[in-house]
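Okay, here's what each chain looks like letter by letter:
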Amino acid sequence: MLTDWGSATDRGAVREANEDALLAYPPVFLVADGMGGHDAGDVASRIAVEEFADLAGEDGATPEDVHGCFLRAAHRIGSEFSTSRQGGTTVAGIALTRPDGVPSWLVFTVGDSRVYRRTPGGVVQVSVDHSVTAELVARGELDPADVPTHPSRHVLTRVLGTAEPADPDYWLLPAQVGDRFLLCTDGLTRELADAEIASVLAAATDPRAAAAELVARAVARGARDNVTVVVVDGGARTGLRLPRAGADARDRAWHDEREGTTLPRPRTARDAVVA
Ligand code: MG
């Protein structure tokens, strides 16, 4: 099965730093939205990317592999921070896995970063937001239209951080030709409605163009938060060969530590295929 992808990130127009991070290297793709402010959120999101980068370059990942990354990331975040210096991160991603030999995507999330999937019936949100407002909506106690102005709209109920053990959600989806996934931090969904996201995913054939367009639109709307997206086309009919990443995969895990942001990750790591 061939895989192609594109990614983009931007600090946005308001935040002083980009605390988001991303990893896009088969068989694992993810975004992470760090929290805690300067010298905390960026550290937490980078820790998550570094731990998942251990899977990069493998032919596939098992659910146990993925959960191990969560546990190691949580342990490192717990060691890094204290009650006086708190930090945490969301994680939303997909990993290629082969239960019983069937190529499948393992979707994993903690926090309010999201995983969307394009289906024949349209683009659907696979993940469930771990937020106060999402729980209120699910219980019928809050109208979805009122979420953007709710005072607790930014309060998360689950995060990869110091206060709780790692508790990600998982979904297992059989891979299909024509699959397209979007992984994004809330900086995107804060600016773009689902219908607009779906239209961009439908219109842009190239996943790189789709990722760039989504972030550009969020920036055009004012980008009140860091914006990060990864678009993954699974089961593409054309593609390249799986690079033998091995030991240097961790170096290719991308996190922008410079001021400014908007830097695409190195092109060298992105041409790949999963057999
Ligand atoms: Mg955010």
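We now turn to the structure provided with this report. (Residues numbered from 1 in each chain as written. Predicted model: local features only at pLDDT ≥ 70, side-chain atom pairs only at ≥ 80, totals over all residues. Heavy atoms only, no water.)

Examining the coordination of the magnesium ion
And then number 1: Those donors, Asp 33 (OD), Asp 186 (OD) and Asp 225 (OD), are the protein atoms that reach the magnesium ion, and they lie 2.0 to 2.2 Å from it.
And then number 2: In primary-sequence terms, the residues that donate to the magnesium ion follow D-x152-D-x38-D. Placement of Asp 33 in strand S3 (residues 28-35) and of Asp 225 in the loop between helix H6 (207-220) and strand S12 (227-236) is noted, with a sequence separation of 192 residues between them.
And then number 3: The class of Asp 33 is buried, set by a relative accessible area of 7%. (Donors = N, O, S within 2.8 Å, 3.2 Å for Na, K, Ca; no water. Helix = DSSP H or I, 4+ residues; strand = E, 2+ residues; numbered from the N terminus. Buried < 20%, exposed > 50% of the residue type's maximum accessible area, 1.4 Å probe, protein only.)

So, helix H5 (residues 194-203)
And then number 1: Within the span of H5, buried status applies to Glu 196, Ile 197, Val 200 and Leu 201. Mapping the buried residues of H5 onto a view down its axis gives an arc of 135°, with all of them on the same face. Those residues of H5 that are exposed and aimed more than 90 degrees away from the buried face are Ala 195, Ala 202 and Ala 203. (Arc of directions from axis to C-beta.)

Overview of the packing of helix H1 (residues 41-52) against helix H2 (residues 63-80)
And then number 1: Where H1 meets H2, the closest approach of the two axes is 9 Å, and the angle between their N-to-C directions is 145°. When you trace H1 past H2, the crossing you get is right-handed. From H1, Val 43, Ala 44, Ile 47, Ala 48, Glu 50, Glu 51 and Phe 52 reach across to H2, where they touch Val 66, Cys 69, Phe 70, Arg 72, Ala 73, Arg 76, Ile 77 and Glu 80.
And then number 2: For the contact of H1 with H2, the class distribution of residues is 10 nonpolar, no polar and five charged. (Axes fitted to C-alpha atoms, helices over the stretch in contact; angles between N-to-C directions. Left-handed = near helix turned anticlockwise from the far one by under 90°. Contact = heavy atoms within 4.5 Å. Nonpolar A, V, L, I, M, F, W, Y, C, P; charged D, E, K, R; others polar.)

Describing the nonpolar core
And then number 1: The biggest cluster of nonpolar side chains holds 31 residues, and the ones touching the most others in it are Phe 52, Val 66, Phe 70, Val 91, Phe 108 and Leu 160.
And then number 2: Setting aside residues up to four positions removed in sequence, Val 91 forms contacts with Leu 30, Val 31, Ala 32, Ala 48, Phe 52, Phe 70, Phe 108, Thr 109, Val 110 and Leu 160. (Core = buried A, V, L, I, M, F, W, Y, C linked by side-chain atoms within 4.5 Å.)

Some remarks on unusual backbone geometry
And then number 1: Between Pro 26 and Pro 27 the backbone carries a cis peptide bond, its omega angle lying at 5°.
And then number 2: Within the secondary structure, Pro 27 sits in the loop between strand S2 (20-25) and S3.
And then number 3: The residue Asp 100 is not glycine, and still its phi comes out positive at about 55°.
And then number 4: With a phi angle near 35°, Ala 223 is a residue other than glycine that sits in the positive phi range.
And then number 5: Within the secondary structure layout, Ala 223 lies in the loop between H6 and S12.

Remarks on the pairing of strand S11 (residues 179-184)
And then number 1: The buried fraction of S11 is high, at six of six residues.
And then number 2: Neither face of S11 is open: one carries Asp 179, Phe 181 and Leu 183, the other Arg 180, Leu 182 and Cys 184, and all of them are buried.
And then number 3: Bridging between strand S7 (residues 114-119) and S11 involves five bridges; their strand directions are antiparallel. Within S11, the residue paired with Arg 118 across the bridge is Arg 180. (Pairing = 2+ DSSP bridges.)

Some remarks on the packing of aromatic side chains
And then number 1: Applying the stated criterion across every chain, the model contains seven aromatic pairs.
And then number 2: Aromatic pair Phe 70 and Phe 108: ring centres 5.7 Å apart, planes at 85°, arrangement edge-to-face. With a gap of 38 residues between them, Phe 70 in helix H2 and Phe 108 in strand S6 (residues 104-110) connect regions that are remote in the sequence. Residues Phe 70 and Phe 108 agree in their burial class; the two are buried.
And then number 3: Three or more aromatic residues joined by ring pairs make a cluster, and in this case those are Trp 5, Phe 29, Trp 105 and Phe 181. (Phe/Tyr/Trp six-rings, centres within 6.5 Å; stacked < 30°, edge-to-face > 60°.)

So, the side chain of Thr 9
And then number 1: The topology assignment puts Thr 9 in strand S1 (residues 2-10).
And then number 2: With relative accessibility at 5%, the residue Thr 9 sits in the buried group.
And then number 3: Here the side chain of Thr 9 touches Asn 18 through a polar contact of 3.0 Å, side chain to side chain.
And then number 4: Reaching out from Thr 9, the side chain makes a polar contact with the backbone oxygen of Val 227 at a distance of 3.1 Å. (Polar contact = N/O pair within 3.5 Å; in protein donor to acceptor, adjacent residues only side chain to side chain.)

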